[in-house]
Amino acid sequence: MKEQRAKDHSFAPIDMMGAKKTGLRTQFAALCYRLRKGKPEILLITSRRKKRWIIPKGWPQDGMRPAQSAAIEAHEEAGVEGKLHDFSIGIYSYTKNHVSGRALPCVGIVYPLKVKKIHDRYREVSQRKRKWFSLAQAAHKVSEPELAHIIRNFEPNKIQNA
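Please read these numbers as outputs of a predicted model, since none were measured by experiment.

A. How the structure looks around the nonpolar core. Grouped together as the largest cluster of nonpolar side chains are 24 residues, with contacts concentrated most on Ile 42, Leu 44, Ile 55, Tyr 92, Val 110 and Ile 151. Core analysis: the second largest hydrophobic core is formed by 16 residues, Phe 28, Ala 30, Ala 70 and Tyr 111 among them.

Given below as structure tokens:
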């Protein structure tokens, strides 16, 4: 089975078995990056309500692999598309303020996405700002210490050939 998995990099889609989005505590996040003059840059977006710098993330989507869900969020929230890596580079915890007013403890599972295309028009363009940062700047801008650690230690050259 281990040999089979090594050859086949696709993972089974998620089956939410009728669960409601608000009942889940896991979100899938995209660490959107590009290389400029050989150095990585990270795309951050603002949250809708508090305008904090974050990475695109969202709830699992029925029938999709986690990385696919992250890529869809990157497209909807940041207007980017690119080469998706189907493995996680880290996990971070945070509290999501749900529209109901409840604070939901969450875990974000991060998937790298090398940006190839940036759209001027996308679903949440009027609700968010987006901006490219160096690794150090991006790590400083985000509020979550574990996410800052993931960003600070991100080495795209190690995943290019993975």
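B. Summary view of the packing of aromatic side chains. For the coordinates displayed, the defined rule picks out four aromatic pairs. With a centroid separation of 5.0 Å and 65° between ring planes, the pair formed by Tyr 33 and Phe 154 is classed as edge-to-face. Highlighted residues: Tyr 33 in strand 1 (residues 26-36) and Phe 154 in the loop between helix 4 (145-152) and helix 5 (156-159), separated in sequence by 121 residues. Comparing Tyr 33 with Phe 154, the two get one shared label, buried. We note Lys 57 situated over the ring of Tyr 94; from NZ or CZ to the ring centre the distance is 5.1 Å.

C. Geometry of the confidence of the model for the protein chain. Mean pLDDT over the protein chain: 85, with 83% of residues reaching 70 or higher. Taken element by element, the protein chain is modelled with least confidence in helix 1 (residues 2-7), mean pLDDT 36, and with most confidence in helix 3 (residues 135-141), mean pLDDT 98. For the stretch residues 1-16, pLDDT sits under 50, and the model shows 22 contacts to residues farther than four places along the chain or on other chains.

D. Fine view of unusual backbone geometry. The backbone phi angle of Lys 37 is positive, close to 55°, even though this residue is not glycine. Here Lys 37 lies in the loop between strand 1 and strand 2 (39-46). One non-glycine residue, Lys 51, lies in positive phi territory at about 60°. Topologically, Lys 51 is positioned in the loop between strand 2 and strand 3 (53-54).

E. Structural view of the pattern of salt bridges. Following the criterion strictly, the structure yields eight salt bridges and no others. We note a salt bridge from Arg 48 to Glu 124, for which the minimum N-O separation is 4.0 Å. Placement of the pair is Arg 48 in the loop between strand 2 and strand 3 and Glu 124 in the loop between strand 7 (103-118) and strand 8 (130-134), with a sequence separation of 76 residues. The residue Glu 76 makes a salt bridge to Arg 123 at a minimum N-O spacing of 3.0 Å.

F. Structural view of the environment of Thr 95. Note on placement: Thr 95 falls in strand 6 (residues 90-97). Its relative accessible area of 48% is what places Thr 95 among the partly exposed residues. Separated by 49 residues in the primary sequence, Thr 95 and Glu 144 place their C-alpha atoms 9.6 Å from one another. Other than its neighbours up to four places away in sequence, Thr 95 contacts Ala 103 and Leu 104.

About the thresholds
Residues numbered from 1 in each chain as written. Predicted model: local features only at pLDDT ≥ 70, side-chain atom pairs only at ≥ 80, totals over all residues. Heavy atoms only, no water. Core = buried A, V, L, I, M, F, W, Y, C linked by side-chain atoms within 4.5 Å. Buried < 20%, exposed > 50% of the residue type's maximum accessible area, 1.4 Å probe, protein only. Phe/Tyr/Trp six-rings, centres within 6.5 Å; stacked < 30°, edge-to-face > 60°. Helix = DSSP H or I, 4+ residues; strand = E, 2+ residues; numbered from the N terminus. Lys NZ or Arg CZ within 6 Å of the ring centre and 35° of its normal. pLDDT = per-residue confidence, 0-100. Contact = heavy atoms within 4.5 Å. Salt bridge = Lys/Arg side-chain N within 4 Å of Asp/Glu carboxyl O.

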